[in-house]
Amino acid sequence: TMQSSGHRFRDVEHHPLLAENDSYDSSSSEADMAERVWFIRDGCGMVCAIMTWLLVVYADFVVTFVMLLPSKDFWYSVINGVLFNCLAVLALSSHLRTMLTDPGAVPKGNATKEYMDNLQLKPGEVIYKCPKCCSIKPERAHHCSICKRCIRKMDHHCPWVNNCVGEKNQRFFVLFTMYIALISAHALILCGFQFFSCVRGQWTECSDFSPPVTVILMIFLCLEGFLFLTFTAVMFGTQIHSICNDETEIERLKSEKPTWERRLRWEGMKSVFGGQPSLLWINPFAGFPIRRLLLRAKKGGPEFSV
């Protein structure tokens, strides 16, 4: 913390990365960030993200080729196949948006004299500087050791999406947990019907695979579905509770007393999901920057940043 202007400037000037002649343009920095694709180069996170996709693809394979296609009930197969695959696409799209969306990173190295002069601080006003990424920390921002950035309204870092969950991508993370919970519940229900029909009839007729292979594939799907349903349902409930209370998981764990004016429940939901309640709230494609991506492709492809 820096309390007086003299102390504040001395602290900045003595930092090796923040010389007196350094200049920082926050608007140009944020514009540069908007031109890049946000991606965290973390080995563990990338492995977890790939595993998430593989598990969803495995569930889709078992549901489609082991349970639905061999079924003699045409409409049962069509309705459940379309529903499951639509939910899977929505889940994976939400995962991609969470992973590739800047969660609200504070620009690195903005703790310069020029930048603090532009803040027009009141006498005695306290500001916070992160010594790790050399940035002025806004209220409710926290430093992530994996992303190596300060993140606005950081809730937590999730390795399954290889990104922090923060101010700008919390909506997509909530949708990801919701859709994973839904496809997990759907897969478990389909497994129950499939076991029942196989036990009632001939095992050789209920699937195109041999009975032992069918049982093994379905048991693994049941285990996966139960684990993912439990985990994502709890996470979804926790996220909704945090949004309604206008409190991040870090703030709750640290028992931080709010210095900000808390939003009412619906105001918190509208601030995260955007606007009045509508179907856009559950649409992970809403606000997708298609034009920007096309322009970027014409310029020679995307740049990645962290």
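What counts, and where the lines are drawn
Residues numbered from 1 in each chain as written. Predicted model: local features only at pLDDT ≥ 70, side-chain atom pairs only at ≥ 80, totals over all residues. Heavy atoms only, no water. UniProt positions renumbered as here; feature names shortened; annotations may be inferred. Helix = DSSP H or I, 4+ residues; strand = E, 2+ residues; numbered from the N terminus. Core = buried A, V, L, I, M, F, W, Y, C linked by side-chain atoms within 4.5 Å. Buried < 20%, exposed > 50% of the residue type's maximum accessible area, 1.4 Å probe, protein only. Contact = heavy atoms within 4.5 Å. Phe/Tyr/Trp six-rings, centres within 6.5 Å; stacked < 30°, edge-to-face > 60°. Pairing = 2+ DSSP bridges. Salt bridge = Lys/Arg side-chain N within 4 Å of Asp/Glu carboxyl O.

1. Brief notes about the UniProt feature "transmembrane region" (unreviewed entry) in the protein chain
Under the UniProt annotation, "transmembrane region" (unreviewed entry) lies at residues 43–68, 74–92, 172–195 and 215–236. Helix makes up 100% of residues 43–68 and strand 0%, with an end-to-end C-alpha separation of 36 Å. Note that residues 74–92 is 100% helix and 0% strand, and that its end C-alpha atoms are spaced 27 Å apart.

2. Quick notes on the nonpolar core
One finds V63, M67, F173, I180, L221 and F273 to be the most contacted residues of the largest nonpolar core, which totals 37 residues. When neighbours within four sequence positions are excluded, M67 is seen to be in contact with V62, L190, C191, Q194, M218 and L221.

3. A closer look at the packing of aromatic side chains
Tallied over the entire structure, the rule returns six aromatic pairs. Centre to centre, the rings of W266 and W281 are 6.0 Å apart; their planes meet at 40 degrees, and the pair counts as tilted. With a gap of 15 residues between them, W266 in helix 9 (residues 265–273) and W281 in the loop between helix 9 and helix 10 (290–299) connect regions that are remote in the sequence. On the accessibility criterion, W266 (55% relative accessible area) is exposed. Among the residues examined, W281 registers a relative accessible area of 9% and is labelled buried. Each member of the aromatic cluster is reached from another via a ring pair, and the members are F61, F65 and F209.

4. So, the pairing of strand 4 (residues 141–144)
Direction of pairing for strand 4 relative to strand 5 (residues 149–152): antiparallel, over a ladder of four bridges. Directly across from H142, in strand 5, lies its bridge partner I151.

5. Focus on the environment of L87
Along the chain, L87 falls in helix 4 (residues 74–100). Linking L87 and H186, residues 99 residues apart in sequence, is a C-alpha distance of 9.5 Å. Excluding its chain neighbours within four sequence positions, the residues that come into contact with L87 are Y179, L182 and I183.

6. Looking at the side chain of Q170
On the secondary structure map, Q170 appears in helix 6 (residues 170–200). For Q170, a relative accessible area of 10% puts it in the buried group. Contacts of Q170, omitting those with residues within four sequence positions, involve D155, V165, Q239, I243 and V272.

7. Section: the pattern of salt bridges
The tally for this structure, following the rule as stated, stands at five salt bridges. Put simply, R252 and E249 hold a salt bridge, and the shortest N to O gap is 2.5 Å. Linking R252 with E249, this pair stays in helix 8 (residues 249–253), spanning three residues, or about one helical turn. Classification of E249 as buried rests on a relative accessible area of 15%. Of the charged contacts in the structure, one is a salt bridge between E267 and K270, with a shortest N-O distance of 3.3 Å. Here E267 pairs with K270, and both are found in helix 9, just three residues apart, close to one helical turn. Ionic contacts of the salt-bridge type, sharing partners, join the residues R140, K153, D246 and E251 into one network.

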